[in-house]
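What follows is each chain in one-letter form.
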Amino acid sequence: MQLWFARGSDVSIREQLVTQVVLGILSDDLAPGQRLPSTRELARRFHLHPNTISAGYRQLERERWVEFRRGSGVYVRAKKPEMPPSPALALDQMIARLFRSARKLGVSLPAVRSRLRQWLELQPPDHFLLIEPDEELRRILAAEIAQAVSFPVKSCGLDDCPKTPEDGIRVVLPNREATARQLLPAGTELLTLQVSSVPASLAGYLPAPASALVGVASRWPEFLKVARAVLNAAGFHPDSLIFCDAREANWQRGLKQTAAVVCDSLTAAELPPGCRAIPFALLSESSIAELRRYEEFIRQPIETL
């Protein structure tokens, strides 16, 4: 295993040694039972104080990564220590896999460092970018995302989608993912959002009274189409449903006489006063949670790791 040490770093030499040995064990660069370089050997090779090396090895022994064998040296333990998972350990394992993959590809350590430095110096994204060619659907989804997160939300179609990494955290629906990946540079991260289950979302309102007059309103034609099919399948009589395309003039007419109006989140705010709205969220709860986790990941200070 190759070791290196940076003098003048905020991280002590002892901690640099401990971290590299742990990464070596996690990545299987250091095999169970493998002998580590002696304290004297490392001190001489890197011009370090022997006490620093000894302190690092003692820490590794306390944490059960290595074992001392009298008169023989320091060896990697046969079994990795059992410990509860932590973000720091998970990150160490990811870094170990990165270095192992780089070696398999024949990429040098300086090249890995240089590439990592470029990534770390990039300005972190500060907004979500929704990619959706259907303008009406795009408006609804952007509004739902904006209600769930504190980052600004921008949107675009497929043809005018920005290509640079600084242009936000890109999000798409599953049916747009393949096309979006073809348009974006290779390796671009893309969050795929899932839509809600219509029957599950309406379960609390079923079965509906036979005499109930129910409105369905949206600016998105597909919303009206899907709602018609689902509500009919759920037992609503076609004559008890009023469908209103919110893009048309006077679309609100007749909605005050309904028991409730099934609508998207944007249309809900435009209903006549007194109407009972049943807003249907297009994005699933799991997708909303994923967006919030991503935002927290970017905002989270390093001290919490």
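Before any of the text, the structure's been laid out above.
Below you will find a few notes about this structure. (Residues numbered from 1 in each chain as written. Predicted model: local features only at pLDDT ≥ 70, side-chain atom pairs only at ≥ 80, totals over all residues. Heavy atoms only, no water.)

**Focus on the packing of helix H2 (residues 39–46) against helix H3 (residues 50–62)**
And then number 1: Interhelical geometry of H2 versus H3 gives an angle of 130° and a closest axis separation of 9 Å. Classified by the angle between their axes, H2 and H3 sit oblique to one another. The two elements H2 and H3 cross, and the hand of that crossing is right-handed. Listed contacts from H3 to Thr39, Leu42 and Ala43 of H2 are Pro50, Ile53, Ser54 and Tyr57. (Axes fitted to C-alpha atoms, helices over the stretch in contact; angles between N-to-C directions. Helix = DSSP H or I, 4+ residues; strand = E, 2+ residues; numbered from the N terminus. Parallel < 35°, antiparallel > 145°, perpendicular 65-115°, else oblique. Left-handed = near helix turned anticlockwise from the far one by under 90°. Contact = heavy atoms within 4.5 Å.)

**Some points on the sheet that holds strand E7 (residues 214–218)**
And then number 1: The sheet built from 4 strands is open, its strands ordered E8-E7-E9-E10 with parallel pairing. In the strand order of this sheet, the two ends are held by strand E8 (241–245) and strand E10 (277–279), each with one partner. In this sheet, neighbouring strand axes are inclined to one another by 25° on average, regardless of whether the strands run parallel or antiparallel.
And then number 2: With 3 bridges connecting them, strand E9 (residues 260–263) and E10 associate as parallel partners. Within E10, the position partnered with Cys263 by the bridge is Pro279. (Pairing = 2+ DSSP bridges.)

**Focus: a nonpolar patch on the surface**
And then number 1: There is a patch of nonpolar side chains on the surface, built from Leu98, Leu116 and Leu120 and spanning about 290 Å² of accessible area.
And then number 2: Mapping Leu120 onto the fold places it in helix H5 (residues 109–121). (Patch = residues over 30% accessible without salt bridge, like charges linked within 9 Å, V, L, I, M, F, W, Y side chains within 5 Å. Areas by Shrake-Rupley, 256 points an atom, 1.4 Å probe, with all protein chains shown as cover. Salt bridge = Lys/Arg side-chain N within 4 Å of Asp/Glu carboxyl O.)

**Details of the packing of aromatic side chains**
Geometrically, a pair of aromatic rings is defined through the distance of the ring centres and the angle of the planes.
And then number 1: Under the definition given, this model contains 4 aromatic pairs.
And then number 2: Looking at Arg69, its charged tip hangs above the ring of Tyr75, at a distance of 4.0 Å from the centre.
And then number 3: Across from the ring centre of Phe243, 3.9 Å away, lies the NZ or CZ of Arg228, which sits over that ring. (Phe/Tyr/Trp six-rings, centres within 6.5 Å; stacked < 30°, edge-to-face > 60°. Lys NZ or Arg CZ within 6 Å of the ring centre and 35° of its normal.)

**Re the packing of helix H1 (residues 13–26) against H3**
For any two helices packed against each other, one specifies the inter-axial angle together with the distance between the axes.
And then number 1: Closest axis-to-axis distance for the H1/H3 pair is 9 Å, and the angle between their directions is 45°. Here H1 is positioned oblique relative to H3, judged by the angle of their axes. When you trace H1 past H3, the crossing you get is right-handed. In this structure, H1 uses Ile13, Arg14, Glu15, Leu17, Val18, Val21 and Val22 to contact H3, whose residues at the interface are Thr52, Ile53, Ala55, Gly56, Tyr57, Gln59 and Leu60.
And then number 2: For the contact of H1 with H3, the class distribution of residues is 9 nonpolar, 3 polar and 2 charged. (Nonpolar A, V, L, I, M, F, W, Y, C, P; charged D, E, K, R; others polar.)

**Here we look at the sheet that holds strand E6 (residues 190–192)**
And then number 1: The strand order E4-E3-E5-E6 describes an open sheet built from 4 strands, whose pairing is parallel. One side of each edge strand has no neighbouring strand; the edge strands of this open sheet are strand E4 (153–156) and E6. Ignoring which end each strand starts from, the neighbouring axes of this sheet average 30° apart.
And then number 2: Pairing geometry for strand E5 (residues 169–172) and E6, over 3 bridges, is parallel. Bridge pairing in E6 links Arg170 to Leu190.
And then number 3: Seen against the sheet, helix H6 (residues 135–148) touches strand E3 (128–131), E4 and E5 and runs at an angle of roughly 160° to E4.

**Notes on the pattern of salt bridges**
And then number 1: Per the stated rule, a full pass over the model turns up 9 salt bridges.
And then number 2: Where Arg69 meets Glu67, a salt bridge forms, and the shortest distance between an N and an O atom there is 3.1 Å.
And then number 3: By relative accessible area, which is 27% here, Glu67 ends up partly exposed.
And then number 4: For Asp245, the salt bridge goes to Arg247, with nearest N and O atoms at 2.7 Å.
And then number 5: Judged by its relative accessible area of 13%, Asp245 is buried.
And then number 6: Taking the relative accessible area as the measure of exposure, Arg247 reaches 43% and is therefore partly exposed.
And then number 7: Counted as one network, the salt bridges with shared partners bring together Glu136, Arg139 and Arg219. (Buried < 20%, exposed > 50% of the residue type's maximum accessible area, 1.4 Å probe, protein only.)

**Here we look at H2**
Side chains that are three or four residues apart share a direction in an α-helix, a result of its 3.6 residues per turn.
And then number 1: If you check which residues of H2 are buried, you get Leu42, Ala43 and Phe46. Around the axis of H2, the buried residues are gathered within 100° of arc, so they sit on the same side. Away from its buried face by more than 90 degrees, H2 exposes Arg40 and Arg44.
And then number 2: Contact partners of the buried residues in H2: H1 and H3. (Arc of directions from axis to C-beta.)

**Comments concerning the environment of Phe280**
And then number 1: Locating Phe280 in the fold gives a position in the loop between E10 and helix H11 (285–299).
And then number 2: Classification of Phe280 as buried rests on a relative accessible area of 10%.

**As for the side chain of Thr188**
And then number 1: If you trace the backbone, Thr188 turns up in the loop between helix H7 (174–183) and E6.
And then number 2: A distance of 2.7 Å separates a polar side-chain atom of Thr188 from the backbone oxygen of Pro185.
And then number 3: If we ignore the near neighbours within four places in the chain, the residues touching Thr188 are Arg170 and Arg181. (Polar contact = N/O pair within 3.5 Å; in protein donor to acceptor, adjacent residues only side chain to side chain.)

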